[in-house]
Amino acid sequence: MAKVYNFSAGPAVLPHDVLAQAQSEMLDWHGSGMCVMEMSHRGKEFMEIIHDAEQDLRELMHVPAGYKVLFLQGGASMQFSMVPLNLLGDKQSVDIVNTGHWSKLAIKEARRYCNVNVVASSEDRNFAYVPAEETWQRDPNAAYLHYTSNETIGGLQFPFVPSEQGVPLVCDMSSDFLSREVDVSKFGLIYAGAQKNIGPSGLVVLLVREDLLGRARADLPTMLNYQVHADADSMYNTPATYPIYIAGLVFKWLKQQGGVKGMASRNAEKAGLLYHTIQASEGFYTTHIDEPFRSRMNVVFRLKDEALEESFMMEARKNGLIQLKGHRVVGGMRASIYNAMPIEGVKALASFMQDFARQNG
Ligand SMILES: *Cc1c(COP(=O)(O)O)cnc(C)c1O
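Residues numbered from 1 in each chain as written. Predicted model: local features only at pLDDT ≥ 70, side-chain atom pairs only at ≥ 80, totals over all residues. Heavy atoms only, no water.

## A short note on a nonpolar patch on the surface
As a reminder, the rule being used: By definition, no residue in a patch forms a salt bridge, and every one has over 30% relative accessible area; like charges are joined within 9 Å, nonpolar side chains (Val, Leu, Ile, Met, Phe, Trp, Tyr) within 5 Å. In short, Shrake-Rupley with a 1.4 Å probe defines the accessible areas, and a residue's cover is counted only from the protein chains shown. For this document, the term salt bridge refers to a Lys or Arg side-chain nitrogen within 4 Å of an Asp or Glu carboxyl oxygen. Buried means the residue's accessible area, taken with a 1.4 Å probe over protein chains only, is under 20% of the maximum for its type, while exposed means over 50%, and partly exposed covers the values in between.
Together, M26, L27 and M37 make up an exposed nonpolar region whose accessible area comes to about 330 Å². Overall, the relative accessible area of 32% leaves M26 in the partly exposed class.

## Description of the UniProt feature "binding site: pyridoxal 5'-phosphate" (unreviewed entry) in the chain
Rules: UniProt positions are given in the numbering used here, feature names are shortened, and annotations may be inferred rather than shown by experiment. Helix and strand assignments come from DSSP, with helices taken as H or I runs of at least 4 residues and strands as E runs of at least 2, each series counted from the N terminus. Residue contacts follow a heavy-atom distance rule, with two residues in contact if any of their heavy atoms lie within 4.5 Å.
If you check UniProt for "binding site: pyridoxal 5'-phosphate" (unreviewed entry), the listed places come out as A76, S77, W102, T152, D172, Q195, N237 and T238 in our numbering. What stands out for the annotated residues spanning 163 residues is how far apart their C-alpha atoms range, the widest pair being 30.5 Å apart. In this fold, A76 is placed in helix α3 (residues 75-87). Positionally, Q195 belongs in helix α5 (residues 194-197). Apart from the residues lying within four places of it in its own chain, the contact partners of Q195 are G10, P11, A12, P200 and S201.

## Quick notes on the UniProt feature "modified residue: N6-(pyridoxal phosphate)lysine" (unreviewed entry) in the chain
Residues annotated in UniProt with the feature "modified residue: N6-(pyridoxal phosphate)lysine" (unreviewed entry) correspond here to K196. Within the secondary structure, K196 sits in helix α5. When its relative accessible area of 12% is taken as the criterion, K196 is described as buried. When residues no more than four places from it in sequence are discounted, the contact partners of K196 are A9, G10, A12, T152, S174, S175 and Y338.

## Comments concerning the sheet that holds strand β8 (residues 169-172)
Defined as follows: Note: two strands are recorded as paired if DSSP finds a minimum of 2 bridges between them. Helix axes use the C-alpha atoms of the stretch in contact, all axes being lines fitted to C-alpha atoms, and the angles between their N-to-C directions lie in the range 0 to 180 degrees.
The strand order across the open sheet formed by seven strands is β2-β10-β9-β8-β5-β3-β4, and the pairing between neighbours is mixed. At either margin of the open sheet sits one strand with a lone partner, and together these are β2 (67-73) and β4 (115-121). With strand direction ignored, the average angle separating the axes of adjacent strands in the sheet is 20 degrees. Here β8 runs beside strand β9 (residues 189-193); their pairing, made up of three bridges, is parallel. Pairing of V170 across the sheet is with L189, part of β9. In the packing of α3 onto the sheet, the strands contacted are β2, β8, β9 and β10 (203-209), and the crossing angle to β9 comes to about 160 degrees. Relative to strand β3 (residues 93-98), helix α4 (residues 101-110) is tilted by about 160 degrees, and along the sheet it contacts β3, β4, β5 (145-148) and β8.

## Section: the packing of aromatic side chains
Rule in force here: Ring geometry is summarised as follows: Phe, Tyr and Trp rings, the Trp one being its six-membered ring, pair when their centres sit within 6.5 Å, and such pairs are stacked at plane angles under 30 degrees, edge-to-face over 60 and tilted between the two.
Within the structure shown, the criterion is met by 16 aromatic pairs. Their ring planes at 20 degrees and their centres at 6.5 Å tell us that Y147 and F187 sit as a pair that is stacked. Here the residue Y147 occupies a position in strand β5, and F187 occupies one in the loop between β8 and β9, the gap between them amounting to 40 residues. Each member of the pair, Y147 as well as F187, is classed as buried. A centroid spacing of 5.8 Å and a plane angle of 40 degrees characterise the contact between F352 and F356, whose relative ring orientation is tilted. Of this pair, F352 and F356 both sit in helix α10 (residues 343-360), four residues apart, which is roughly one turn of that helix. For the residue pair F352 and F356, the accessibility class agrees, reading buried in each case. Taken together, the ring pairs connect F284, Y285, F301, F312, F352 and F356 into an aromatic cluster.

## What about the nonpolar core?
Under the convention used in this document: Residues enter a nonpolar core if they are buried and are Ala, Val, Leu, Ile, Met, Phe, Trp, Tyr or Cys, with the set joined through side-chain atoms within 4.5 Å. These domain boundaries are the output of an automatic or database domain assignment.
In terms of nonpolar packing, the biggest core is built from 57 residues, with L57, F71, F177, L178, Y245 and F251 touching the most fellow members. The biggest single contributor to this core is helix α7 (residues 241-256), with 10 residues. In this structure, this core is formed jointly by two domains, domain 1 (5-13 + 258-360) and domain 2 (16-256), each of which donates at least three residues. If near-sequence neighbours (up to four positions away) are discounted, F251 is found in contact with A53, D56, L57, L60, F71, L178 and I198.

Here's what the structure looks like:
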């Protein structure tokens, strides 16, 4: 098989070393004679795997005391329901910032349970920016403020963390989790679907401040209750054992790569290379996102002539550069360059883009 660079938005590229290690341990994990998929989740082998994964994540993100780490299922989308159902308590309303596709889904789902105050929206300019915080219309009585730190489809990323103002911050960090340093103590809850920066799909990782537990409504299904999962250390039922194992290998790999700090500087370099290529193309490629908010994870761009898009993707594929098609709701191209995308892949894409522009400009 020829070498490819996979720019998929998710499920996305995983570190080659992690996949190779999983392969080498597939039939016999650490002399246990078992594949991780075959282990009892309550046996000592898997307990070691989940314990190490949690400890490594805590280390990577400098998670302060007083936070629970949960490994749950249902992807990030399940959190669009679980967050309001668990955190509303006796409040009537939640604050949500609307910066694109994923924010809108969070809003839509929360509206099923409570009043949603959209504090700010950048829909007026097709989600090309994050509204300045001074303009947000916040409700001091909101149960929490929810925002999406990186809009995976639109290619928009928050360059700042909103202020708390006495209201817990909740962040959907699915597509930029572990990609840059974050002060966890500023947040009430962070959640991230695994298939962007962590591991296999289906798994969702949560960091939740303990004082926010125990507010769930009484009629909530047991499986949707954070408190239940927190009390059982994510073992109320059988967790997604193999995805947790892979996530654990990814966390160890990140530690070897200089941790989140090391990743952040490489991610800045990778994104810089692509945005520079777009800018230097003199209009052959364009991005509609205002500069301070351009995502370092999902670089969304268009070709000046839409008719060239098909041949761009075909030629790219011939060069081993795959899954560059933008999401159907925004069109154009999207290069997702998560932690596991090596700089060589980004260099190969940048140089292909230059060649293609030269030949078709
Ligand atoms: C991918 C994604 C989701 C949805 O994740 P699922 O695992 O498919 O539910 C939610 N929010 C963001 C920001 C995402 O990138």
